[in-house]
Amino acid sequence: MNSNDLSVHGKLLYTGIEKCPVCGRESLHVVEILYNDPTFGDLILYSNQCDYCGYRRVDIQYLNSRGPSRIIYEVVDDVDVYRTYIFRSRTARISSPELGFDIDPGPDAEAMITTVEGLLLRMLDVAERMEVLNEDNEESMRRLREFKDKVRMALQGNFRFRIIIEDPNGNSMIKPPPGRDSRVHIEPLSLIA
C-alpha cells in the first residue's frame, strides 16, 4: 500500500519540530493527518506537543461543511449519560438550558469529543474553580451549589435535560446509544448577525 493512500490510519500531511508558543523552544512536535470519516467526510487532525514544557493541543479541521445546524438531544437516564457521545467542532456552541450552562467558541477553542458524562464532569470542575473565585459572594456561591446539585443528579440519570449544539459549519453531532437515534433532532440554524 502506498504511504500516501487514505486509510483507517489516515494520510500523513506534515510532521516536524517547531517553536513552542509557550516556552519558545524548538521542541514542539507537530503532526497533521488527513482522514476520511464516513460521518464527517474529510478532516485534518492536528496534534502539537512540546517535549520541554508539556504544552499540548489537539484540533480537528473539517473540510466538508453540512451547513449551519442546531442539534438537540434530551438526556433522560443514566444510559444516555454514559453512552451518548458528543462531537463538538471548534466553531460550535454547546448549551443546556435546564442545567444552565453555555460553552461558546472562542479564538482558542478546540474540538471536543466526549460522552455526556465527560461534559458534565467538566462542568463540575468549572463550577468548583468558580467557587474559589467567588467565595466572598453569597449569591454566587448559592447559584454554584444549585448548579452542582443539578449536575450531580444528571450524572446519576435523575435529572432530565437537553444538550443543544449550534454549529455554523454543521460539523458537530450527538451520537446516542443504539435505538435512540430518533431522539436526535437536527434543524437548520439561521445565522442572524
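Further up the page is the structure itself.
To start, this report covers the structure provided alongside it. Since we're looking at a predicted model, the values are computed, not measured.

## Looking at the overall build of the protein chain
Within the protein chain one finds three helices and twelve strands. Each of the 193 residues in the protein chain was classed as buried or not, and the buried ones make up 40%. Taking as baseline every contact in the protein chain between residues at least 6 positions apart, the subset at least 24 positions apart corresponds to 59%. Within the structure as shown, the protein chain displays about 11,400 Å² of accessible surface, and the carbon and sulfur contribution to it stands at 50%. Placing the 24 positive and 31 negative side-chain charges of the protein chain at their respective mean positions leaves the two points 1 Å apart.

## Brief notes about the pairing of strand β2 (residues 28-37)
A regular strand places its side chains on the two faces of the sheet in alternate fashion. Two elements, strand β1 (residues 11-18) and β2, share seven bridges in a ladder whose sense is antiparallel. Bridge assignment links T15 to a residue of β2, and that residue is V31. Judged from the ten bridges that link them, β2 and strand β3 (residues 41-50) form a sheet pairing that is antiparallel. Bridge assignment links L28 to a residue of β3, and that residue is C50.

## Some words on the packing of aromatic side chains
With the rule as written, the count across this model stands at zero aromatic pairs. One Lys or Arg, R25, reaches over the ring of Y52 and ends 3.7 Å from the middle of that ring.

## A closer look at the environment of V184
Locating V184 in the fold gives a position in the loop between β11 (173-175) and β12 (185-188). Under the relative-accessibility criterion, V184 is labelled buried at 17%. Each C-alpha atom of the pair V184 and I71 lies 6.9 Å from the other, and the pair is 113 residues apart in sequence. What V184 contacts, discounting residues up to four positions off in sequence, is I71, I72, Y73, I174 and P176.

## So, the pattern of salt bridges
Summed over all chains, the structure comprises 17 salt bridges. The partner of D80 in a salt bridge is R180, with the nearest N and O atoms 2.8 Å apart. Linking D80 in helix α1 (residues 78-83) with R180 in the loop between β11 and β12, this pair joins segments that are 100 residues apart in sequence. Pair check on accessibility: D80 and R180 agree, each one buried. The network of salt bridges with common partners includes R70, R93, D102, D104, E166 and E187.

## What to know about the sheet that holds β1
Strand order in this open sheet of four strands is β1-β2-β3-β4, and the pairing throughout is antiparallel. Every other strand in the sheet has two partners, leaving β1 and β4 (56-62) as the edge strands with one partner each. Neighbour-to-neighbour, the strand axes of this sheet turn through a mean angle of 15°, independent of strand direction.

Conventions we followed
- Residues numbered from 1 in each chain as written.
- Predicted model: local features only at pLDDT ≥ 70, side-chain atom pairs only at ≥ 80, totals over all residues.
- Heavy atoms only, no water.
- Helix = DSSP H or I, 4+ residues; strand = E, 2+ residues; numbered from the N terminus.
- Buried < 20%, exposed > 50% of the residue type's maximum accessible area, 1.4 Å probe, protein only.
- Contact = heavy atoms within 4.5 Å.
- Areas by Shrake-Rupley, 256 points an atom, 1.4 Å probe, with all protein chains shown as cover.
- Lys, Arg positive; Asp, Glu negative; His and termini not counted.
- Charge placed at Lys NZ, Arg CZ, Asp CG, Glu CD.
- Pairing = 2+ DSSP bridges.
- Phe/Tyr/Trp six-rings, centres within 6.5 Å; stacked < 30°, edge-to-face > 60°.
- Lys NZ or Arg CZ within 6 Å of the ring centre and 35° of its normal.
- Salt bridge = Lys/Arg side-chain N within 4 Å of Asp/Glu carboxyl O.
- Axes fitted to C-alpha atoms, helices over the stretch in contact; angles between N-to-C directions.

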